[in-house]
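Coordinate inspection notes
Take a look at the letters that make up each chain.
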Amino acid sequence: MLKKGNWEERQFASGIDTMSRIGHKIIIIPEGVEAKFLGNKLTVSGKRGTVEREIPSEITLELTDREIRVASKGTTRKIEALWGLYRSLIANMMTGVVTGFKKELELSGIGFKAKNDGSDLILSLGFSHPVKFSMKAGVTFEVSGDNKLIISGSDKELVGQVAAKIRELKKPEPYKGKGIKY
């Protein structure tokens, strides 16, 4: 662990005047990925799709041919937190358009099933009626067997949100574990 004096000496010697360790990392743009920054919107396109994100005015982006540098316009605590956050979000955008993200859900319980019906997902969860879940743009459902559900897409935030909404339909109960599990 660094002592306070050592950090101050390193900070002064390197010319760094802020504390964000994540924000300083350079984001490498992979082959086959195109990034555009117009106004305050960053658009990243790749083989798995296109992802867009609005960048707040406190954050600046410097785009070169194969890398993105994220910087902050101030040194307040909020701006430094946004700096590291948006650097991670942009890195996730790069990963999403190249390899994508997926969440796996398991339906456990007697009679619990999932099946694809065109653009809808039909879930039998022990209710008196089947539950219909509509597909969101940018997310795909894959059902393997009767009780495995794979949600995939290029936007990490959207994939996680859809998985959480499906899990919320029937959370696992604590005694027998019946419900939808990650």
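How each quantity is defined
Residues numbered from 1 in each chain as written. Predicted model: local features only at pLDDT ≥ 70, side-chain atom pairs only at ≥ 80, totals over all residues. Heavy atoms only, no water. Phe/Tyr/Trp six-rings, centres within 6.5 Å; stacked < 30°, edge-to-face > 60°. Lys NZ or Arg CZ within 6 Å of the ring centre and 35° of its normal. Core = buried A, V, L, I, M, F, W, Y, C linked by side-chain atoms within 4.5 Å. Buried < 20%, exposed > 50% of the residue type's maximum accessible area, 1.4 Å probe, protein only. Helix = DSSP H or I, 4+ residues; strand = E, 2+ residues; numbered from the N terminus. Contact = heavy atoms within 4.5 Å. Pairing = 2+ DSSP bridges. Expected span 1.5 Å × (residues − 1). Arc of directions from axis to C-beta. Salt bridge = Lys/Arg side-chain N within 4 Å of Asp/Glu carboxyl O.

Under the counting rule described, the total for this entry stands at one aromatic pair. Taking 6.1 Å as the distance between ring centres and 70° as the angle between the ring planes, the aromatic pair formed by Phe133 and Phe141 counts as edge-to-face. A cation over an aromatic ring shows up here: Lys103 above the ring of Tyr182, its NZ or CZ 5.6 Å from the ring centre.

This part covers the nonpolar core. Core analysis: the biggest nonpolar cluster contains 20 residues, and Val44, Ile68, Val70, Ile90 and Met94 have the highest contact counts within it. Element by element, the count of residues in this core is highest for helix 2 (residues 77–98), at eight residues. Setting aside anything within four residues of it in sequence, one finds Val44 in contact with Val33, Glu34, Ala35, Gly49, Thr50, Val51, Met93, Met94 and Val97. One finds Phe112, Leu123, Phe141 and Ile180 within the second-largest nonpolar core, a separate group that totals 19 residues.

The next subject is the pairing of strand 2 (residues 34–38). Across five bridges, the pairing between strand 2 and strand 3 (residues 41–46) is antiparallel. Its bridge partner lying in strand 3, Leu38 is registered against Lys41. Here strand 2 folds back onto strand 3 in antiparallel fashion, the turn holding two residues, of which Gly39 has a positive phi close to 65°.

Moving on: helix 3 (residues 156–169). In this model, helix 3 (14 residues) spans 21 Å end to end at C-alpha, consistent with the 20 Å of a helix rising 1.5 Å per residue. Buried within helix 3 are the following residues: Leu158, Val159, Val162, Ala163 and Ile166. All buried residues of helix 3 lie within an arc of 130° about the axis, which places them on one face of the element. Exposed side chains of helix 3 directed beyond 90 degrees from the buried face belong to Glu157 and Glu168. Where the residues of helix 3 are buried, they touch strand 7 (101–108), strand 9 (120–124), strand 10 (131–134), strand 11 (139–144), strand 12 (148–153) and strand 13 (179–181).

With respect to the element layout, Gly179 can be found in strand 13. With relative accessibility at 0%, the residue Gly179 sits in the buried group. Along the sequence, Gly179 and Leu169 sit ten residues apart, while their C-alpha atoms lie 8.6 Å from each other. Non-local contacts of Gly179, meaning those with residues more than four positions away in its chain, are made with Glu106, Leu107, Ser108, Phe112, Lys170, Lys171 and Pro172.

Strand order in this open sheet of three strands is 1-6-5, and the pairing throughout is antiparallel. Edge strands, defined here as strands with exactly one partner in the open sheet, are strand 1 (27–28) and strand 5 (59–63). Sheet topology places strand 5 next to strand 6 (residues 67–72); five bridges connect them, and they run antiparallel. Across the sheet, residue Glu62 finds its bridge partner in strand 6, namely Arg69.

Attention shifts here to the pattern of salt bridges. Across all of its chains, the model carries six salt bridges by this definition. When the shortest N-O distance is used, the salt bridge between Arg53 and Glu157 registers 3.0 Å. In this pair, Arg53 sits in strand 4 (residues 49–54) while Glu157 sits in helix 3, placing the two residues 104 residues apart along the sequence. Residue class for Arg53 comes out buried when judged on its relative accessible area of 17%. A salt bridge links Glu104 to Lys102; its shortest N-O distance comes to 3.7 Å. When its relative accessible area of 44% is taken as the criterion, Glu104 is described as partly exposed.

Bear in mind that shape data such as this cannot, by itself, settle questions of function.
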